Amino acid sequence: QVHLVESGGGTVQPGRSLRLSCEVSGNIGSLDVWGWHRQAPGKERELVGTSNSGGRTHYADSVKDRFTISRDNDKNSIYLHMNDLKPEDTAVYFCNIYHTLSGGPQRSTWGQGTQVTVSS
């Protein structure tokens, strides 16, 4: 089975930076799309950003120029680098991947989430 485990969340002051990590385990086959979503209290889950195997990236307007997604194949990890954090960035952040085993359908796997709180 494929598992995603996020880490790196916490409480930070506005304007500070934080890096979230997502460790991927299991046989994922080919990694097609990877990214991050978030869900604030009382709100629906929303896209933060994605990257794909074709080299394309997409970020929500609310985080563009502040957040960056990266990937380390050697560490089987995906990262979300967050700069200039704002109180409205407070949410549970989820890692998500789309992956395909040879001959099989594309699958989506989610992590359990990590809490980020931005407060003075």
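The model shown is predicted, which means the values in this text are computed figures rather than measured ones.

Chemist: So what exactly am I meant to see when it comes to the pairing of strand β10 (residues 106–110) here?
Modeler: In summary, the side chains of a regular strand alternate between the two faces of the sheet. Of the strand pairs in this sheet, strand β9 (residues 91–100) and β10 are connected by five bridges, and their pairing is antiparallel. By the bridge assignment for β10, Tyr98 is matched with Ser108. The antiparallel pairing of β9 with β10 creates a hairpin that spans five residues between the two strands, and Gly103 there sits at a positive phi of about 80°.

Chemist: Looking at this model, I keep getting lost on unusual backbone geometry. Mind explaining?
Modeler: For residues that are not glycine, phi is negative in most cases, and the peptide bond is trans in most cases. In this structure, Asp65 takes a positive phi of about 75° despite not being glycine. Looking at the element boundaries, Asp65 is found in the loop between β6 (57–59) and β7 (67–72). Residue class for Asp65 comes out exposed when judged on its relative accessible area of 81%.

The rules behind each value
Residues numbered from 1 in each chain as written. Predicted model: local features only at pLDDT ≥ 70, side-chain atom pairs only at ≥ 80, totals over all residues. Heavy atoms only, no water. Pairing = 2+ DSSP bridges. Helix = DSSP H or I, 4+ residues; strand = E, 2+ residues; numbered from the N terminus. Buried < 20%, exposed > 50% of the residue type's maximum accessible area, 1.4 Å probe, protein only.

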